[in-house]
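Observations on the model geometry
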Amino acid sequence: MTAHAQSTSFYPLTFTPAFESTNKGQLKLMNTADGMEHTFSLVGVGEKPLALEHLVLHCTANQRKTVSIRVPNVTNQRLQYHVSSDLPIITGAKTISVLSLQEETFDVALLSRRRGDYSGALCFVADGKPFIEVDSDGDEVGGPAPPPTPDLEGYTVWYSLEVHVLPAPCIASIPVSCAYRSATEVDIPITNPGSSELTLQVALQGDELHGANELVVSPSSTEQYRLTYQPLSVGIKSGSVIFFSEKVGEFWYDLQLDGMTAEPVTLSPMQCELGRSSTQTVSLANPTGDPLLLEIQSPNTHNYSLNTKSPLVVPPKSTEDVLLSFTPSALGRDRHVAEIVFVSEKLGTLSYNVSGSGLMPRREEPLLQICAALGLTGTTVIPFTNPADLSVMATVRLTAESDASSWSLLLKTASDIALSPHSTLYIPINFKPSVMKAERGRCSVEICCANGEAWNAVDGTPVYKLHFHYPIDGIPEYTLPCTLKKQPKVVCVANSRVEEVFEAPLCAAEPG
């Protein structure tokens, strides 16, 4: 090499270890111009060798497969390798000899009793001893054996392995069908022809399958393995039940799972007085791991309503409670039968059958209040909605417990008022107190069918008129005269007591 003046030059040096070891050496460079020698001490460390190759192998459970693997020898001496592997599913010869600077093929057998993915290594380790060839009589061939080569002891060639064991063909394919929100059981007969007890490990593939994880079969007998299929969604899916034992290996059954649309659910019957509403809760479960989108279909919106809008989103692995309200429009069960449907891509159609009964109105409506100053008028408006699906004639009456003169009904006509179905009549009422005393009034609305027919019979007796009652409390108020509007003033020194008398006239108060 040439080293130019006043510069740095590099001498290329390559270290290629043949096996795992530490090697020492020297590099000498002599200047041909003046004869000066430069010596460099070298240490080369041969580390654990990398895998010669990463092999991906495939085989089938309970079926033997042979694979040929090349084994090289890059040394100048014939080597005998000892073969080992950390995978129990791999078998083969214990040793293999390879000529110097050549390679041989080594056959390994793959046999796994069950499916799965395995990873490991296949190692070929030289023992450093010379290979001695013998003839058929056991005599050495080729003269005396060469001396041992300690430097080659431990020389290793190895492969990283990735083995994929596929399942063997199934014993049988079993169709199983079941409606969503239901469960069905399947019995699979397992026979033990042997003379000893057989214990099988059981694995179920499919989130919708449930069963025991072990089955024990007595000698020369048959046991039924029972599994339960409970679909979490609708549609066709695949599942399997896998049996395994070290004695017999793995065998399995394919399951063709058919999740069908759920059967309709009948809700508890509802009942409510005409003109009012009652409720019950409908629980919607989402057993899947994704949000569930439900479209709501409810054709009978006059009598039934939900406290949510469509579409309804149910979070994963949770339950959403929806409030169902029932508002009757007739006495009895007529026109009160409906089907509420929730539609989903995953769960199909979820149908709920609901029925309700309209009862006679007997309870009073919530109490109303009117506040008015003495001698002045206070007004309130009562909205009355026709609860029926047919036209009615309404009559309005206003009564008082004591002073009827304090109350007045502001309707042009109070009888034979025609109301179409579900329309509203606004009833204005005045209260004008003359004394400082609370008054209780009552507004009553009487309705009958416009066609003169009776409502549905109650206890066998025809009903022609329905009554709705609205209690009203009239509260009088008193305003102080202008001469008394000045606020009284009381002055007192700390830690002392002062008493003052303040007189206020109670105008319009009843004696006593």
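Scroll up for the structure.
Residues numbered from 1 in each chain as written. Predicted model: local features only at pLDDT ≥ 70, side-chain atom pairs only at ≥ 80, totals over all residues. Heavy atoms only, no water.

**Structural notes on the layout of surface pockets**
Put simply, the largest pocket is a space of about 470 Å³. Forming the walls of the largest pocket are 16 residues, and the residues nearest its centre are Met1, Ala3, Leu29, Met30 and His38. Elements that contribute at least two residues to the lining of the largest pocket include exactly strand S1 (21–30) and strand S2 (37–46). The greatest single-element share of the lining of the largest pocket, amounting to three residues, is contributed by S1. Looking at the lining of the largest pocket residue by residue, the classes come out as ten nonpolar, five polar and one charged. (1 Å grid on protein atoms, 1.4 Å probe; cavity = no way out; pocket = protein on both sides within 12 Å on 5 of 7 lines; lining within 4 Å. Points joined across faces, edges and corners; volume = space filled by probe spheres on them. Helix = DSSP H or I, 4+ residues; strand = E, 2+ residues; numbered from the N terminus. Nonpolar A, V, L, I, M, F, W, Y, C, P; charged D, E, K, R; others polar.)

**Thoughts on empty space enclosed by the protein**
Space left empty within the atom packing is revealed by a probe, the size of a water molecule, rolled over the atoms. Going through the model one piece at a time under the given rule, you end up with one cavity of 30 Å³ or more. Estimates place the volume of the largest cavity at around 30 Å³. If you go around the largest cavity, the residues you meet are Leu267, Val282, Leu306, Leu324, Ile340, Phe342 and Tyr352. Among the residues forming the lining of the largest cavity, the class breakdown is seven nonpolar, no polar and no charged.

**Comments concerning the sheet that holds strand S13 (residues 198–205)**
Taken in spatial order, the five strands of this open sheet run S11-S18-S17-S13-S15, and their pairing is mixed. The sheet is open, and its two borders are formed by strand S11 (173–179) and strand S15 (214–217), each paired with just one other strand. The sheet shows a mean angle of 25 degrees between the axes of neighbouring strands, direction not considered. The pairing of S13 with S15 spans four bridges and is antiparallel. Across the sheet, Gln201 pairs through a bridge with Glu214, a residue of S15. (Pairing = 2+ DSSP bridges. Axes fitted to C-alpha atoms, helices over the stretch in contact; angles between N-to-C directions.)

**A closer look at the side chain of Glu208**
Along the chain, Glu208 falls in the loop between S13 and strand S14 (209–211). Glu208 gets classed as buried once you look at its relative accessible area, which sits at 7%. (Buried < 20%, exposed > 50% of the residue type's maximum accessible area, 1.4 Å probe, protein only.)

**Some thoughts on a nonpolar patch on the surface**
Taken together, Met1, Tyr11 and Leu13 make up a surface patch of nonpolar side chains, about 350 Å² in accessible area. Among the secondary structure elements, Leu13 is positioned in the segment before S1. Among the residues examined, Leu13 registers a relative accessible area of 52% and is labelled exposed. (Patch = residues over 30% accessible without salt bridge, like charges linked within 9 Å, V, L, I, M, F, W, Y side chains within 5 Å. Areas by Shrake-Rupley, 256 points an atom, 1.4 Å probe, with all protein chains shown as cover. Salt bridge = Lys/Arg side-chain N within 4 Å of Asp/Glu carboxyl O.)

**Some words on the pairing of strand S8 (residues 102–110)**
One ladder, built from nine bridges, connects strand S4 (residues 65–73) with S8; its direction is antiparallel. Its bridge partner being in S8, Ile69 is matched across the sheet by Phe106. Strand direction decides the pairing type here: strand S6 (residues 90–92) and S8, joined by three bridges, are antiparallel. Its bridge partner being in S8, Gly92 is matched across the sheet by Val108.

**Notes on the sheet that holds strand S30 (residues 392–400)**
One open sheet accounts for five strands, arranged S28-S37-S34-S30-S32; its pairing is mixed. Each edge of the sheet is formed by a strand with only one pairing partner; in this case those strands are strand S28 (368–373) and strand S32 (417–419). Between one strand axis and the next, the sheet turns through 30 degrees on average, direction left out of account. Bridge analysis of S28 against strand S37 (residues 466–477) gives six bridges, and the strand direction is parallel. Bridging across to S37, Ile370 finds its partner in Gly474.

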